[in-house]
Amino acid sequence: MDKTAVVAQMRQLIRLIQVHNHAYHVMDQPVIEDSEYDQLFHQLKALEQQHPQLIQSDSPTDKVGDVPLSRFETMTHMVPMLSLGNVFNQEELFAFARRIEERLPNQTIQYDVELKFDGLAISLWYENGVLTRGVTRGDGETGEVITQNVRTIRNLPKVLSSDTMEIPQLLEVRGEVLMPKAGFERLNAEQEARGEKTFANPRNAAAGSLRQLDPAIAAARPLAFYAYGIAQCEPPHGLSSMSASLQWLSDLGFAVGERQFICDSIQQVQNTYEQINRERPALSVEIDGMVIKVNDLKQQQQLGFLSREPRWATAYKFPAVAALTTVENIDWQVGRTGTLTPVARLNPVSVGGVTVSNVTLHNIGEIHRLDVRIGDTVSVYRSGDVIPKVEKVWPEFRPEHAMQISLPAQCPVCSSPVVMPEGEALARCSGGLYCAAQRIEAIRHFVSRKALDIEGLGDRWVESLLRLDLLKDVADIYQLHTHREQLLGLEKMGEKSVQNLFDAIETSKKTTLAAFIYALGIRGVGETTARMLANSFQTFEALRNAEIDTLKKTPDVGDITAEWIIDFFRAPHNMEVIDRLLAAGIHWDAPIAPTRQPFNGESWVITGTLSQMGRDEATQMLQALGARVSGSVSAKTRCVVAGEKAGSKLEKAEKLGIPVLDETAFLALMAEYGQRSA
Ligand code: IVH
């Protein structure tokens, strides 16, 4: 392929990905399956790997946190984005005020005191009220254009409107992007549940999210924008003070800080600072100090700048705080997905005004790194971070009886074995089906569509049933009929909804081996792996007694997943639950035994619309015969199944001389191999 053809293909893929990002994140109406979206993504990635010199600047493929920023376009700021001087104590604050008074003798000076947001400075351009550009601070002179990511920030007006005032032709607003504390904690919990890395503090999380080259990822992050200044306005806004500017921005729809003060003396500024330092934990966002600005804009102009900093403003930073205390004990908490997290119980200590009595140690690796033991004296540190952390252990104060900490062998909640395959950072309880800590997730998964598909058993039911203690584990679902009276007593649960629920539960008993394996929620065993396991082992008995080496040889099962499977079936309580499920009457037809896997190792592609079956079904049939179903056609493709309106893939297959089957021919072939009656 020549360069222009590669670029054309890249551009087309990027455009498609953008369209689908928009459909998914902005319109909330995805038009393609996630797997199809992934295919677009992989195709683009493969092209980029082959032609790294042709990677497009707006390519959405690079998902890693520390993205090379050169991938974004850069732009020189019309008005440089300067930094602020710092003061750290009352003396320095008063010196700042004195310098101002000397330059503005005999003038009354009012100070505007704002929160100093701990995020990332950005500049936003609005042309005729429409957001046209978002640029990072960069080095203050030149920043990166991140308009797409900025557009995903929910509290940021994309279009300005006002009933009472004129919308400027050009408005450049400055402010900070950050992640509010609540969103940060939610994001970290989600990251942890997915086994992905957590962020140290909201600032890092916000920075990592804004720098995402993939706006879809940025969109999924709970970012917020707070405005703190106007860099340009055409025609001029005519405002005369900082506080009026903030009010004006707020009227236009921008969020401004949740606290703001006007002080008539520098002593009042000091008092305000102390007050905010005390109230800091109650704020919804993380701040690392206050910003003190001369309120009058004319005075600001008179004061001007000293090199890169305004003379009319300063940051007043909060001191980072640490305190010494002792570790009384370590508890292991079990999360909803079974991860074990060590939590140090501390002798309660005040760290910068907040009493800290628990701190997470994240994982056993962190315990080893710090070499922290029960009885140790530790420094607990809290800076911008919401979450205090153990920063240092003082071995010189270690008492003789100090106790080393090791991973518990059994889950503190359900006593199932605790497991941690080599190469994994997190330990987990293996009693996924039985453990009370994992109950909700296990039930939700078990009843989900691709598992046992008990549609009637939604979250509302599950919550009520847990409250009544009628669902201790998934096997209890099949005993619910013995509690009919109790269920009828539930608010808003009439005879009809209870009967519907029972019917749905009854219907779910007839399932497939693959769906049942998937429903167990074994770590690493998604839908496809479950299908592979069902095809390879044919019976549930064979799977539950499988040796690790046999599992490792199963297509789609990696070494770590093989270990998770073994651990799962070794946890005695899981087996109890499974036995009760089978005793309740869950059953399936034996999978059609592919005596051999005639398509083993072949790569097939399905394209276009199939009329007599879904793509999922076609994929399943091919996989059952040993084929891999791929998203793109290459010289290695064995065969292409082309439905209606097949496009570029079909063309490519024809060009490469790859066999193509239409739907009828495909069905006939499948019937021949016992996959579907013709
Ligand atoms: S005003 C001439 N107000 O602090 C600079 N900055 O050290 C005017 N910041 O990168 C900046 N909160 O992003 C201003 N309420 C606030 C602020 C604030 C946070 C950041 C800003 C800048 C840094 C300066």
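Preceding block: the structure.
Being a predicted model, the structure only gives us computed values, none of them experimental.

Trainee: Where do I start with the packing of helix 12 (residues 439-447) against helix 13 (residues 459-467) in this structure?
Mentor: The packing of two helices is summarised by the inter-axis angle and the distance between the axes. Taken N-terminus to C-terminus, the directions of helix 12 and helix 13 make an angle of 140 degrees; their axes are 11 Å apart at the nearest point. Taken together, helix 12 and helix 13 sit at an angle that is classed as oblique. In this structure, the crossing between helix 12 and helix 13 has a hand that is right-handed. For the pair helix 12 and helix 13, the contacting residues are Arg439, Ile440, Ile443 and Arg444 in the first and Asp459, Val462, Glu463 and Leu466 in the second.

Trainee: Whenever I open this one, the sheet that holds strand 26 (residues 660-662) confuses me. Can you help?
Mentor: Sheets are built from strands paired through backbone hydrogen bonds, the pairs being either parallel or antiparallel. In space, the 4 strands of this open sheet follow the order 24-23-25-26, with parallel pairing throughout. Both outer strands of the open sheet, strand 24 (628-630) and strand 26, are each paired with one neighbouring strand and no more. Between one strand and the next, the sheet's axes are offset by a mean angle of 30 degrees, whatever the strand orientation. Note that strand 23 (residues 603-607) and strand 25 (residues 637-642) share 5 bridges and pair parallel. Residue pairing for strand 25: Ser603 is matched across the bridge by Thr637. Those strands touched by helix 22 (residues 615-624) are strand 23 and strand 24, and its axis lies near 165 degrees from that of strand 23.

Trainee: Sorry if this is basic, but what is going on with the pattern of salt bridges here?
Mentor: Once their charged atoms are close, side chains differing in charge can pair, the charge on each being opposite to the other. Using the criterion set out here, one finds 24 salt bridges in the structure. Arg336 is paired through a salt bridge with Glu441; the nearest N and O atoms lie 2.6 Å apart. With a gap of 105 residues between them, Arg336 in the loop between strand 14 (321-334) and strand 15 (340-351) and Glu441 in helix 12 connect regions that are remote in the sequence. According to the relative accessible area criterion, Arg336 is partly exposed, its value standing at 47%. The partner of Arg444 in a salt bridge is Glu441, and the shortest N-O contact between them spans 3.1 Å. With Arg444 and Glu441 both in helix 12 and 3 residues apart, this pair spans about one turn of that helix. Residue classification places Arg444 among the partly exposed positions, given a relative accessible area of 28%.

Trainee: Just to check I follow, could you spell out unusual backbone geometry for this structure?
Mentor: In terms of backbone geometry, most residues other than glycine have negative phi values and most peptide bonds are trans. Cis geometry marks the peptide bond from Glu234 to Pro235; its omega dihedral reads -10 degrees. Of note, Pro235 is situated in the loop between strand 8 (224-234) and helix 8 (242-251). With a phi close to 55 degrees, Asp453 is a non-glycine residue in the positive phi region. Of note, Asp453 is situated in the loop between helix 12 and helix 13. In this structure Asp453 comes out as partly exposed when scored by relative accessible area, which is 40%.

Trainee: Got a minute to help me understand the site of the ligand in this structure?
Mentor: Around the ligand there are 13 residues in total, and Glu114, Leu115, Phe117, Glu176 and Tyr228 lie nearest to it. Within the side chain of Glu176, an N or O atom sits 2.4 Å from an oxygen atom of the ligand. Taking Tyr228, its side chain carries an N or O atom lying 2.8 Å from an oxygen atom of the ligand. Relative to its unbound accessible surface of 530 Å², the ligand loses 86% to contact with the protein. Secondary structure elements with two or more residues in the shell around the ligand: strand 3 (111-117) and strand 10 (287-294). The dominant element in the shell around the ligand, judged by the number of residues it contributes, is strand 3, at 4 residues.

Thresholds applied
Residues numbered from 1 in each chain as written. Predicted model: local features only at pLDDT ≥ 70, side-chain atom pairs only at ≥ 80, totals over all residues. Heavy atoms only, no water. Axes fitted to C-alpha atoms, helices over the stretch in contact; angles between N-to-C directions. Helix = DSSP H or I, 4+ residues; strand = E, 2+ residues; numbered from the N terminus. Parallel < 35°, antiparallel > 145°, perpendicular 65-115°, else oblique. Left-handed = near helix turned anticlockwise from the far one by under 90°. Contact = heavy atoms within 4.5 Å. Pairing = 2+ DSSP bridges. Salt bridge = Lys/Arg side-chain N within 4 Å of Asp/Glu carboxyl O. Buried < 20%, exposed > 50% of the residue type's maximum accessible area, 1.4 Å probe, protein only. Near = heavy atom within 4 Å. Polar contact = N/O pair within 3.5 Å; in protein donor to acceptor, adjacent residues only side chain to side chain. Areas by Shrake-Rupley, 256 points an atom, 1.4 Å probe, with all protein chains shown as cover.

Don't take any of this as a statement about function, it's just geometry.
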